[in-house]
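Here's the letter readout for the chains.
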Amino acid sequence: QHGNPIGADFRRPELNGDFILAMKHTALYTSVLPLLVKFQHFLFVAVIRHPLDTILSCLSLPQSPITPEAMQGTSRYWQEAGNIINSNSTLPERLVQLYEMHLKRYHELGSAISVVKYEDLIQDPMIASRLFGVNTLSTAAPMIKQGPRVHRAEEADKIRELLRKY
């Protein structure tokens, strides 16, 4: 199957306008997003969380999510991100830089993608349904919960400093 296998997948009947694909870890999808939006077949919504919470959450994981092995696809399709992933910068610096790159990419795509703040979604789980006219989110609304935000103040201050830097 030569040509454009991604485009062929998008023509499958089950992937119609009612299809919703949600993902928590978006680096790979964001890396190919400029290609995906060209198909003009789907509604793209990026849910972004406050950078401090996002980065502190990543830092609290037992194993770093930002390694060349874990992010091979992202590095392959998004050279700028690959350069950061493979850099010798500290993990917090790489996380801040990658967060900024995601925001920049979403901004560059303009009206091809919509952005909703995670915190707004937590406060009002039906916001996406009202904004985008999709009713299937109503079944997911009870599952959307925000856990307690517990981070060390020292870590938070370091991340705030990096956010200002980048």
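Residues numbered from 1 in each chain as written. Predicted model: local features only at pLDDT ≥ 70, side-chain atom pairs only at ≥ 80, totals over all residues. Heavy atoms only, no water.

A closer look at the side chain of Q97
At step 1: Among the secondary structure elements, Q97 is positioned in helix 6 (residues 91-108).
At step 2: Under the relative-accessibility criterion, Q97 is labelled buried at 17%.
At step 3: Excluding its chain neighbours within four sequence positions, the residues that come into contact with Q97 are I84, S89 and Y166. (Helix = DSSP H or I, 4+ residues; strand = E, 2+ residues; numbered from the N terminus. Buried < 20%, exposed > 50% of the residue type's maximum accessible area, 1.4 Å probe, protein only. Contact = heavy atoms within 4.5 Å.)

Quick word on the side chain of H102
At step 1: For H102, the location among the structural elements is in helix 6.
At step 2: In contact with H102, other than residues within four places in its own chain, are T26, A27, T30 and W78.

Brief notes about the confidence of the model for the protein chain
At step 1: Within the protein chain, residue pLDDT values average 79, and 75% of them lie at 70 or more.
At step 2: A low-confidence stretch, residues 1-10 stays under pLDDT 50, and its non-local contacts, those more than four residues away or across chains, total 12 contacts.
At step 3: The low-confidence segment residues 136-143, where pLDDT is below 50, has 7 contacts with residues more than four positions distant or belonging to other chains. (pLDDT = per-residue confidence, 0-100.)

Quick word on the nonpolar core
At step 1: Formed by 31 residues in total, the largest nonpolar core has its most connected members in L33, F44, I66, L98 and I113.
At step 2: Looking at this core, the elements that each hand over two or more residues are helix 2 (27-36), strand 1 (45-48), helix 3 (51-59), helix 5 (79-85), helix 6 and helix 9 (153-165).
At step 3: Broken down by element, the residue count for this core peaks at 7 residues, all from helix 6.
At step 4: With residues near it in sequence (within four places) discarded, L33 still touches F44, Y106, L109 and I113. (Core = buried A, V, L, I, M, F, W, Y, C linked by side-chain atoms within 4.5 Å.)

Here we look at a nonpolar patch on the surface
At step 1: Together, L28, Y29 and Y77 line one region of the surface with nonpolar side chains, adding up to about 290 Å² of accessible area.
At step 2: Structurally, Y77 can be placed in helix 4 (residues 72-77).
At step 3: Accessibility expressed as a relative area gives 47% for Y77, which makes it partly exposed. (Patch = residues over 30% accessible without salt bridge, like charges linked within 9 Å, V, L, I, M, F, W, Y side chains within 5 Å. Areas by Shrake-Rupley, 256 points an atom, 1.4 Å probe, with all protein chains shown as cover. Salt bridge = Lys/Arg side-chain N within 4 Å of Asp/Glu carboxyl O.)

Things to note about the packing of helix 6 against helix 9
At step 1: Two elements in contact, helix 6 and helix 9, have axes whose closest approach is 10 Å; the angle formed by their N-to-C orientations is 50 degrees. With respect to each other, helix 6 and helix 9 are oriented oblique. Crossing handedness for the pair helix 6 and helix 9: right-handed. Here helix 6 contributes P92, E93 and V96 to the contact with helix 9, which in turn contributes I159, L162, L163 and K165.
At step 2: Tallied by class, residues from the contact of helix 6 with helix 9 come to 5 nonpolar, no polar and 2 charged. (Axes fitted to C-alpha atoms, helices over the stretch in contact; angles between N-to-C directions. Parallel < 35°, antiparallel > 145°, perpendicular 65-115°, else oblique. Left-handed = near helix turned anticlockwise from the far one by under 90°. Nonpolar A, V, L, I, M, F, W, Y, C, P; charged D, E, K, R; others polar.)

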